[in-house]
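One letter stands for each residue in the lines below.
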Amino acid sequence: MQPQPEKYNFDFKKETAEIVADSHEALSLKLGEFAGPLDLLLYLIRQEQADIFDIPIARITDEYVKYIRLMKDLDIAVAADFLVMSAQLIEIKSKMLLPRDPLAEDDEEIEDPRKELVDRLLEYEKFKSAAQMLYEKSTIEQAVFRRGKIESDDANAEISATVFDLLTVFQKVAARHKDDIKMEIQREEISLADMIRDLKKRIFEVSELSLLAFFEEMHSHRELVTAFIAVLEIVRTESVKLVQKKTFGDILLKVEPKTT
Amino acid sequence: MSEQATEMAEQPARSTTDLVGAVEAIVFVADEPVTIKLLAEVLGEDKQAIEAAIEHLVSEYENRDSGLQIREVAGGWQIATKTEYHEEIRNFLKTRPSAKLSLAALETLAVIAYKQPVTVPEILEIRGVQSASAIKTLLEKRLIVTKGHKETVGRPMLYGTSKEFLLQFGLKDLEELPSIEDFEDLAGSMA
């Protein structure tokens, strides 16, 4: 659906998305999430106890549009994909209302305007079931524990850091710098070439450098960005590697031992 | 590891019991599931001997009411606790199961697992909804990885599942996933 943090727990068994309608057309909403327009559509079809191969398109379209309106009334941001689906439903509905072309030959096979939608629903439903299977597998897996860390793990556990990890560290520092009191001081900006030269000299002197500490030394956003690019450049050109010992932990810039 | 392997390979052949013990010890200290290939290399034995030793271990753990199990996951072998003791373990560790993935993320992961390598538009086609935030979550959790670009208009990024995916879902390999067509009957009958 709409972009949102993916952190809440979703329990397949407990929290089925559901719309609760009372007698007076006023719909109340039981909080729940539909994973997408196809999910909502499947729900409505099942709710109406309709045959998926013979969808009562007028009724389902009404229900669907009603639900979308309800979401709007409740100020829930309706994702564009949900609106696209209502347009498609209305299109199918209107196609089905049109009389058959009298000039068409009798034996000409007319495709059911609902066919494409049915195919999509069936395809989607397979993956929905697969998602449930994955959910169950991960639940079982969470009941299995591997042994606790032994001492040598820390020495060996060098998870090689990805650009993604680098960005995370960078963002952490950048976010912290945002809150700093800003003083407008004209300072000489350091060029990328200088930054690379300085960092290179330094890394080969100390052989190991914390990126968090290094980024922390930078005074401006511009310098931070330059430093970040310098790190990428050095990793690419020199025998230096990035090492992260813990997920989301600090990343170390490390000189690789000479392979002679 | 490879330096040790050549060193160890020169040792004289050991007895079967010895080999079973050595395999058990290595599987125990290994940080990640150990492959048969690596075990064979390190112990200087052929793969068949290692496989036999593993098989022996697996049944031994099963037969003696152990709280542990030797199991195959992500293409290697691992020592882990049995599921039935999870409550006792959680009480001891004082931890709770970590946050589960959202429905949207699970669906996206399912599409990627079955259709990989797959692009964002292809995922949209199946799910009927934008999956950007779900993909971001899955990348952060390292369950999926990028697999280059598709050589088509716009060269969209391709995504596939990672080794971490196999680990977190307790799968030996991708082959272990039931075929997507198996869900068809199920899907039809639910409607």
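Below, the structure is looked at part by part. Computed from a predicted structure; not experimentally measured. (Residues numbered from 1 in each chain as written. Chains lettered and ligands numbered in written order. Predicted model: local features only at pLDDT ≥ 70, side-chain atom pairs only at ≥ 80, totals over all residues. Heavy atoms only, no water.)

The topology assignment puts Lys128(A) in helix H4 (residues 115–141). Apart from the residues within four sequence positions on either side, Lys128(A) is in contact with Asp39(A), Leu42(A) and Glu107(B). (Helix = DSSP H or I, 4+ residues; strand = E, 2+ residues; numbered from the N terminus. Contact = heavy atoms within 4.5 Å.)

All right, on to helix H1 (residues 37–47) of chain A then. Burial analysis of H1(A) places nine of its 11 residues in the buried class, which makes it a mostly covered element. Directly after H1(A), the chain includes Gln49(A), whose backbone phi takes a positive value near 50°. (Buried < 20%, exposed > 50% of the residue type's maximum accessible area, 1.4 Å probe, protein only.)

Below, the discussion takes up the packing of helix H2 (residues 16–29) of chain B against helix H4 (residues 47–63) of chain B. All names here are of chain B. Between H2 and H4, the shortest axis-to-axis distance is 9 Å and the interhelical angle comes to 75°. Here H2 lies roughly perpendicular to H4, going by the angle between them. Here H2 contributes Leu19, Val20, Val23 and Glu24 to the contact with H4, which in turn contributes Ala49, Ile50, Ala53, Ile54, His56, Leu57 and Tyr61. Its residues placed into classes, the contact of H2 with H4 shows nine nonpolar, one polar and one charged. (Axes fitted to C-alpha atoms, helices over the stretch in contact; angles between N-to-C directions. Parallel < 35°, antiparallel > 145°, perpendicular 65-115°, else oblique. Nonpolar A, V, L, I, M, F, W, Y, C, P; charged D, E, K, R; others polar.)

Glancing now at the sheet that holds strand S5 (residues 157–161) of chain B. The pairing of strands in a sheet happens through backbone hydrogen bonds and is either parallel or antiparallel. Residue and element names in this part refer to chain B. The three strands lie next to each other as S3-S5-S4, forming an open sheet whose pairing is antiparallel. At either margin of the open sheet sits one strand with a lone partner, and together these are strand S3 (118–119) and strand S4 (144–149). With four bridges joining them, S4 and S5 adopt antiparallel strand pairing. Counterpart to Thr146 in the pairing with S5 is Tyr159. Sitting on the sheet, helix H8 (residues 132–140) is in contact with S4 and S5, with an inclination near 110° to S4. (Pairing = 2+ DSSP bridges.)

A few words on the side chain of Arg120(A). Take Arg120(A): it is sitting in helix H4. No salt bridge is formed by the buried Arg120(A); the nearest opposite charge belongs to Glu125(B), separated by 4.2 Å. Polar side-chain contacts of Arg120(A) include one of 3.4 Å to the backbone oxygen of Glu125(B). Beyond its immediate stretch of four places on either side in the chain, Arg120(A) contacts Leu38(A), Gln88(A), Leu124(B), Glu125(B) and Gly128(B). (Lys, Arg positive; Asp, Glu negative; His and termini not counted. Salt bridge = Lys/Arg side-chain N within 4 Å of Asp/Glu carboxyl O. Polar contact = N/O pair within 3.5 Å; in protein donor to acceptor, adjacent residues only side chain to side chain.)

Our focus in this paragraph is the interface of chain B and chain A. Facing the 60 residues of chain B at the interface are 50 residues of chain A. Per-residue buried area on chain B facing chain A is highest for Lys100(B), Leu103(B) and Arg142(B); these three make up 14% of the total on that side. On inspection of chain B and its partner chain A, the count reaches three salt bridges. Residue Glu141(A) is joined to Arg71(B) by a salt bridge in which the shortest nitrogen-to-oxygen separation is 2.4 Å. At the junction of chain B and chain A, the tally comes to eight residue pairs in polar contact (both at pLDDT 80 or more). Per-element tally for the side of chain B that touches chain A: the top contributor is helix H6 (residues 103–115) of chain B, with 10 residues. Class assignment for the residues of the side of chain B that touches chain A results in 34 nonpolar, 13 polar and 13 charged. (Buried area = accessible area lost by both parts, 1.4 Å probe.)

Here the focus is the pairing of strand S5 (residues 240–244) of chain A. All names here are of chain A. S5 sits mainly inside the fold: four of its five residues count as buried. Taken together, the five bridges between S5 and strand S6 (residues 251–255) define a ladder with antiparallel strand orientation. When the sheet's bridge partners are listed, Lys241 is paired in S6 with Lys254. Connecting S5 to the next strand, S6, in antiparallel fashion are six residues, including Phe248 with a positive phi near 65°.

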